[in-house]
Amino acid sequence: MTPTFSIIIPVYNVAPYLRECLDSVLHQTFENWEAICVDDGSTDESGAILDEYGAKDNRFKVIHQQNGGVSSARNKALQFAVAEQILFLDADDIYNVDLLCQVNICSVENPNAEIIGFQLERFVDSKDVHWGNAKITVKEIDIETSVPLTDLLYCFWTKVYKRNVLPSHGFRSYTRGEDLLFLLECICRAKTILILNKKLYAYRNRLGSAVNSPVSLRLLEDMRCSVPERLSLIVESGKIFPRRFIRNLFYLATYQFVDYINELSPKYRDYAWQLWRDMIKEIRENLIAPFVIWQRCFIIFFSKSENKSVIFLICHGYAMWMRIVNKAYRIVSQWG
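Here is a short report on the structure shown in this document.

Cut-offs applied
Residues numbered from 1 in each chain as written. Predicted model: local features only at pLDDT ≥ 70, side-chain atom pairs only at ≥ 80, totals over all residues. Heavy atoms only, no water. Phe/Tyr/Trp six-rings, centres within 6.5 Å; stacked < 30°, edge-to-face > 60°. Helix = DSSP H or I, 4+ residues; strand = E, 2+ residues; numbered from the N terminus. Buried < 20%, exposed > 50% of the residue type's maximum accessible area, 1.4 Å probe, protein only. Lys NZ or Arg CZ within 6 Å of the ring centre and 35° of its normal. Salt bridge = Lys/Arg side-chain N within 4 Å of Asp/Glu carboxyl O. 1 Å grid on protein atoms, 1.4 Å probe; cavity = no way out; pocket = protein on both sides within 12 Å on 5 of 7 lines; lining within 4 Å. Points joined across faces, edges and corners; volume = space filled by probe spheres on them. Nonpolar A, V, L, I, M, F, W, Y, C, P; charged D, E, K, R; others polar. Pairing = 2+ DSSP bridges. Arc of directions from axis to C-beta. Contact = heavy atoms within 4.5 Å. Axes fitted to C-alpha atoms, helices over the stretch in contact; angles between N-to-C directions. Parallel < 35°, antiparallel > 145°, perpendicular 65-115°, else oblique.

1. Focus: the packing of aromatic side chains
Step number 1: According to the stated counting rule, one finds 29 aromatic pairs in the structure shown.
Step number 2: Aromatic pair Trp33 and Phe60: ring centres 5.3 Å apart, planes at 70 degrees, arrangement edge-to-face. In this pair, Trp33 sits in strand 2 (residues 33-40) while Phe60 sits in strand 3 (residues 60-65), placing the two residues 27 residues apart along the sequence. Here Trp33 matches Phe60 in class, with each residue buried.
Step number 3: Centroid distance Trp294 to Tyr318: 5.7 Å. Interplanar angle 50 degrees. Geometry classified as tilted. In this pair, Trp294 sits in helix 10 (residues 293-304) while Tyr318 sits in helix 11 (residues 308-335), placing the two residues 24 residues apart along the sequence.
Step number 4: An aromatic cluster is built from Phe250, Tyr251, Tyr255, Trp273, Trp276, Phe291, Trp294, Phe298, Phe301, Phe302 and Tyr318, whose rings are joined through pairwise contacts.
Step number 5: The ring of Tyr53 has Lys56 lying over it, and the distance from NZ or CZ to the ring centre is 4.0 Å.
Step number 6: The aromatic ring of Tyr203 is capped on one face by Arg122, whose charged end is 5.1 Å from the ring centroid.

2. A few points about the pattern of salt bridges
Step number 1: For the coordinates displayed, the defined rule picks out 12 salt bridges.
Step number 2: For Arg204, the salt bridge is made with Glu20, and the minimal N-O distance between the two is 2.8 Å. In this pair, Arg204 is assigned in strand 9 (residues 193-205) and Glu20 in helix 1 (residues 15-26), connecting sequence segments 184 residues apart.
Step number 3: The partner of Arg172 in a salt bridge is Glu229, with the nearest N and O atoms 2.8 Å apart. Taken as a pair, Arg172 in the loop between strand 8 (159-162) and helix 6 (178-189) and Glu229 in helix 7 (residues 217-237) lie far apart in primary sequence, 57 residues in all.
Step number 4: When salt bridges that share partners are traced, they join Arg74, Asp90 and Glu178 into one network.

3. Notes on the layout of surface pockets
Step number 1: Each pocket or cavity is described by its volume, and for the second largest pocket that value is around 260 Å³.
Step number 2: Lining of the second largest pocket is provided by 14 residues; of these, Arg243, Ile246, Pro290, Phe291 and Val292 occupy positions nearest its centre.
Step number 3: Of all the elements in the fold, those that place two or more residues in the lining of the second largest pocket are helix 7, helix 8 (243-261) and helix 10.
Step number 4: Per element, the largest residue contribution to the lining of the second largest pocket is 3 residues, and it comes from helix 8.
Step number 5: Each residue belonging to the lining of the second largest pocket can be placed in one class, and the counts come to 10 nonpolar, 1 polar and 3 charged.

4. Side note on the pairing of strand 4 (residues 85-88)
Step number 1: Residues Gln85 and Leu87 line one face of strand 4 and the alternating positions Ile86 and Phe88 line the opposite face, and both faces are buried.
Step number 2: Bridging between strand 1 (residues 5-11) and strand 4 involves 4 bridges; their strand directions are parallel. When the sheet's bridge partners are listed, Ile8 is paired in strand 4 with Phe88.
Step number 3: Across 2 bridges, strand 4 lies against strand 8 in antiparallel orientation.

5. Remarks on helix 3 (residues 70-80)
Step number 1: Among the residues of helix 3, Ser71, Ala73, Arg74, Ala77 and Leu78 are the ones counted as buried. Projected down its long axis, helix 3 shows its buried positions confined to an angular sector of 160 degrees, all on one face.
Step number 2: Those residues of helix 3 that are buried are in contact with strand 1, strand 2, strand 3, strand 4 and helix 6.

6. Observations concerning the packing of helix 8 against helix 9 (residues 266-286)
Step number 1: Where helix 8 contacts helix 9, the axes come no closer than 10 Å and their chain directions differ by 170 degrees. With respect to helix 9, the element helix 8 is oriented roughly antiparallel. Only Arg269, Ala272, Trp273, Leu275, Trp276, Met279, Ile280 and Ile283 of helix 9 make contact with helix 8, whose side of the interface consists of Ala253, Thr254, Phe257, Val258 and Ile261.
Step number 2: Tallied by class, the residues present in the contact of helix 8 with helix 9 amount to 11 nonpolar, 1 polar and 1 charged.

Pasting the structure below:
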């Protein structure tokens, strides 16, 4: 029988967490699945643990390869996945045991859905996961009118994707942000997107994860390519994306990039500043359309100014202002 779901699990040196992750798949109440696990050149016990699970349950398909990065591992797994519906699971995270069951019910009742999302729960090492007991409801999302941003645009893992929305090239080989670029490409292709209000994926916050890794020159080189690529997708899609999402891309292209430059070793900073300037000029010349007037003014100013201190102060001033605004918004929201 062809599996209903293919679960993609890239694995690299996560032995302390891997059994918990694989058990969360093994104990799913819906049983017609396959898990494509790619050992990306691990040097700890991760490869042996995968082989152990593959030996006791043939639904775990194990592939060993030389280290090529998370994008390489996911792309390799996609070559072997046979199901129509694709999910992704990081090897230090956990599924709710009812995830596949709930998604399958939603998929059967809504056969036109091309992306089905669900809620994320964050936890830290040694802490229990609180899944909650909310009654499950399903909401259809229109990207141009009403978008719960944390559910849809910023959480790559909390989605089931139909094959027809997957980009043919798979994942770009970026050190960070490759998952959000992939997600954005899928969203731009999808016509029907549903969101479940149930927490079904647990994300582990831990030191040593990719998102907590130190700033490197490679990261900035990847940002220089990935931010314009995301903007290009938005421009080409013709869809109107929510302002908060565009504001986040502006934040990445300005404060985040400039802040990262100052975390680099001084010997790399001149090159990194040139990367940033090249990116800003590309955005100004070809990809400025999604931004509002004041953001366009900043981009034009940044592309012409040579004063790094002024640029740094403006970017940090903007970041501080946004923190104040967001905090005020949360306080007012709590007041109801």
